[in-house]
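Spelled out from the first residue to the last, the chains are:
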Amino acid sequence: MKTTELTAKPHYQILDGLRGVAAVMVVWLHIFEAHSTSPLDQIINHGYLAVDFFFVLSGFVIGYAYDDRWHKISIADFFKRRLVRLHPMVIMGSIIGAIAFYFQGGALWPLINSIPLWKMLLVMLIGFTMFPLPTSMDIRGWFESYPLNGPAWTLFYEYIANILYAVVIRKFSKTALAILVFIAGCALVHLAVTGGQGDLIGGWSLEPAQLRIGFIRLMYPFFAGLLLSRAAKLTQIKSAFLWCSLLIIIVLSIPRIGGSTHLWMNGLYEALVIIFIFPLIVYMGASGNVKGKYANRLCKFLGDISYPVYITHYPLIYIYTAWVRDNKVSLKDGWPFGMLVFISAITIAYVCLKFYDEPVRAWLKKKALSKES
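Draft legend 1. Seen up close, the overall build of the chain. Along the backbone of the chain there are twelve helices and zero strands. In summary, the chain has a C-alpha radius of gyration of 20 Å against a globular reference of 21 Å for 373 residues, a match within 12%. Dimensions of the chain along its principal axes, counting C-alpha atoms only, are 60 × 50 × 45 Å. Counting the 373 residues in the chain, one finds 52% classified as buried. Roughly 16900 Å² of accessible area belongs to the chain as shown, and the carbon and sulfur atoms make up 70% of that amount. Of the side chains in the chain, 33 bear a positive and 20 a negative charge, and the two mean positions are spaced by 10 Å.

Draft legend 2. Molecular detail of helix H8 (residues 240-253). The end-to-end C-alpha distance of H8 is 20 Å, a good match for the 20 Å that 14 residues give at a rise of 1.5 Å each. Taken residue by residue, H8 has Ala 240, Phe 241, Cys 244, Ser 245, Ile 248, Val 251 and Leu 252 as its buried positions. Buried residues in H8, looked at end-on, bunch into an arc of 140 degrees, giving them a common side. The inward-facing, buried residues of H8 abut helix H1 (13-33), helix H2 (50-66), helix H9 (263-286) and helix H10 (293-312).

Draft legend 3. The arrangement of the layout of surface pockets in detail. Here the largest pocket is characterised by a volume of approximately 1400 Å³. Forming the boundary of the largest pocket are 47 residues, of which His 11, Arg 19, Val 61, Arg 82 and Arg 85 lie nearest the centre. Secondary structure elements with two or more residues in the lining of the largest pocket: H1, H2, helix H3 (75-100), helix H5 (152-167), H10 and helix H12 (331-368). Sorting elements by how many residues they give to the lining of the largest pocket places H2 first, with ten residues. Here the lining of the largest pocket is built from residues that sort into 22 nonpolar, nine polar and 16 charged. Each pocket or cavity is described by its volume, and for the second largest pocket that value is around 760 Å³. Forming the walls of the second largest pocket are 31 residues, and the residues nearest its centre are His 30, Glu 33, Ile 201, Trp 204 and Tyr 314. Listing elements by their share of the lining of the second largest pocket, those giving two or more residues are H1 and helix H11 (314-327).

Draft legend 4. Summary view of the nonpolar core. Ranked by internal contacts, the top residues of the largest apolar core, which has 121 residues, are Leu 18, Phe 53, Tyr 165, Phe 223, Leu 252 and Phe 278. No other element matches H1, which puts 14 residues into this core. Apart from the residues within four sequence positions on either side, Tyr 165 is in contact with Ile 62, Tyr 66, Asp 67, Trp 70, Phe 78, Arg 170, Phe 222, Phe 223, Leu 226 and Arg 230.

Draft legend 5. Here's a closer look at the side chain of Arg 361. Position of Arg 361 among the secondary structure elements: in helix H12. A residue is classified by how much of its surface remains accessible, and Arg 361, at 14% relative accessible area, is buried. Ignoring anything within four residues of it in the chain, the contact list for Arg 361 reads Val 84, Arg 85, Pro 88 and Leu 353.

Draft legend 6. Layout of empty space enclosed by the protein. For the coordinates displayed, the defined rule picks out one cavity of 30 Å³ or more. Approximately 90 Å³ is the volume attributed to the largest cavity. Residue lining of the largest cavity: 14 residues in total, with Ser 94, Gly 127, Tyr 146, Asn 149 and Ala 152 positioned closest to the centre. Going through the elements one at a time, H3 and helix H4 (117-129) are the ones with two or more residues in the lining of the largest cavity. A per-class count over the lining of the largest cavity returns nine nonpolar, five polar and no charged.

Draft legend 7. Structural detail: the packing of helix H6 (residues 174-194) against helix H7 (residues 208-231). Contact geometry for H6 and H7: axes closest at 9 Å, N-to-C directions at 145 degrees. Like other packed secondary-structure pairs, H6 and H7 cross with a definite hand, here left-handed. Only Arg 212, Ile 213, Ile 216, Met 219, Tyr 220, Phe 223, Ala 224, Leu 226, Leu 227, Arg 230 and Ala 231 of H7 make contact with H6, whose side of the interface consists of Lys 174, Leu 177, Ala 178, Leu 180, Val 181, Ala 184, Gly 185, Ala 187, Leu 188, His 190 and Leu 191. Each residue belonging to the contact of H6 with H7 can be placed in one class, and the counts come to 17 nonpolar, two polar and three charged.

Draft legend 8. Spotlight on the side chain of Gln 42. The topology assignment puts Gln 42 in the loop between H1 and H2. Among the residues examined, Gln 42 registers a relative accessible area of 10% and is labelled buried. Setting aside residues no more than four positions away along its own chain, Gln 42 makes contact with Leu 29, Phe 32, Glu 33 and Ser 36.

Rules of the game
- Residues numbered from 1 in each chain as written.
- Predicted model: local features only at pLDDT ≥ 70, side-chain atom pairs only at ≥ 80, totals over all residues.
- Heavy atoms only, no water.
- Helix = DSSP H or I, 4+ residues; strand = E, 2+ residues; numbered from the N terminus.
- Rg over C-alpha atoms; globule rule 2.2 N^0.38 Å.
- Buried < 20%, exposed > 50% of the residue type's maximum accessible area, 1.4 Å probe, protein only.
- Areas by Shrake-Rupley, 256 points an atom, 1.4 Å probe, with all protein chains shown as cover.
- Lys, Arg positive; Asp, Glu negative; His and termini not counted.
- Charge placed at Lys NZ, Arg CZ, Asp CG, Glu CD.
- Expected span 1.5 Å × (residues − 1).
- Arc of directions from axis to C-beta.
- Contact = heavy atoms within 4.5 Å.
- 1 Å grid on protein atoms, 1.4 Å probe; cavity = no way out; pocket = protein on both sides within 12 Å on 5 of 7 lines; lining within 4 Å.
- Points joined across faces, edges and corners; volume = space filled by probe spheres on them.
- Nonpolar A, V, L, I, M, F, W, Y, C, P; charged D, E, K, R; others polar.
- Core = buried A, V, L, I, M, F, W, Y, C linked by side-chain atoms within 4.5 Å.
- Axes fitted to C-alpha atoms, helices over the stretch in contact; angles between N-to-C directions.
- Left-handed = near helix turned anticlockwise from the far one by under 90°.

Encoded structure:
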């Protein structure tokens with residue numbers, strides 16, 4: 001007999017809360033992005049780096065949760081557990097994207113109005129599987145791998161990282177892992193400084209250039225997080241959640257550096273944040289404790305909604321962005337509606353969490369992770 005049931009390890013409650021802080025910053029990034037004219041005037045200018053922070057967190061948590069358990073579970077068991085954790089909300093995000101799709105047509109995405117229902121539903125079903133769409137099946141005009149729910153591209157890379165970890169990299173020694181992380185860090189710096197954009201934006205398409213960005217954005221953060229989980233000697237840091245939250249907000253909100261004439265400066269800033277600041281934040285968060293009833297509730301709430309809000313908010317952003325662009329709405333005039341989008345995103349995420357994600361995951365755990373012969 002073997003079992004896929006594992007004794008639950010304590011959560012790093014602060015890390016859960018920080019994931020929520022970063023997810024909220026992503027929502028506001030996308031709301032403000034609807035009003036920006038270029039990366040130079042974007043509010044929460046580096047909010048997209050939350051993706052790289054999520055990868056660091058994920059690598060750290062995966063290492064903590066599974067590195068010492070491979071004598072108890074198989075690779076198949078690991079994949080089951082990851083699918084149970086992640087995939088129900090992947091499906092829900094695609095469904096919400098399908099419901100909202102025809103409300104997003106306009107000058108920004110004129111292609112939407114010509115897409116037949118059968119094709120949109122086919123894209124939704126493919127989205128359920130997490131197989132990325134080729135650019136030839138684009139239904140929006142942005143050549144996204146997941147045009148009904150753009151941020152799902154990050155889950156595609158998360159799955160790839162999980163596969164690499166389970167099949168190969170979990171067996172690496174600390175030295176071998178450190179070498180991999182060093183090489184990945186060099187590739188990250190090279191792309192950020194010499195890539196021509198002055199930033200690390202990208203990864204959401206199957207175009208070669210986008211694939212390069214996506215894999216480079218994945219490899220260093222995820223496996224640096226894994227290395228951190230293996231090598232770090234945690235200490236005790238007071239008020240860790242407060243200081244880490246402030247750090248996240250500050251580094252994601254820093255205005256564009258170097259302007260349009262010194263693109264490399266902004267790229268270097270982003271690379272340094274990913275290489276040094278994000279692992280530092282994870283280390284600090286893992287070294288802290290949450291004290292007080294309200295602080296515990298806040299961290300739990302933020303942690304609980306972090307993934308649902310990230311994976312379901314963007315269909316609302318498509319609608320809001322189309323409305324802003326069609327009507328040339330300024331931030332001054334549009335902020336009440338932006339606030340409504342934010343509140344709606346949190347509400348939808350919470351409803352999905354309580355009435356769909358948690359019940360479905362509980363059922364799947366009972367069915368898929370119970371004792372097997």
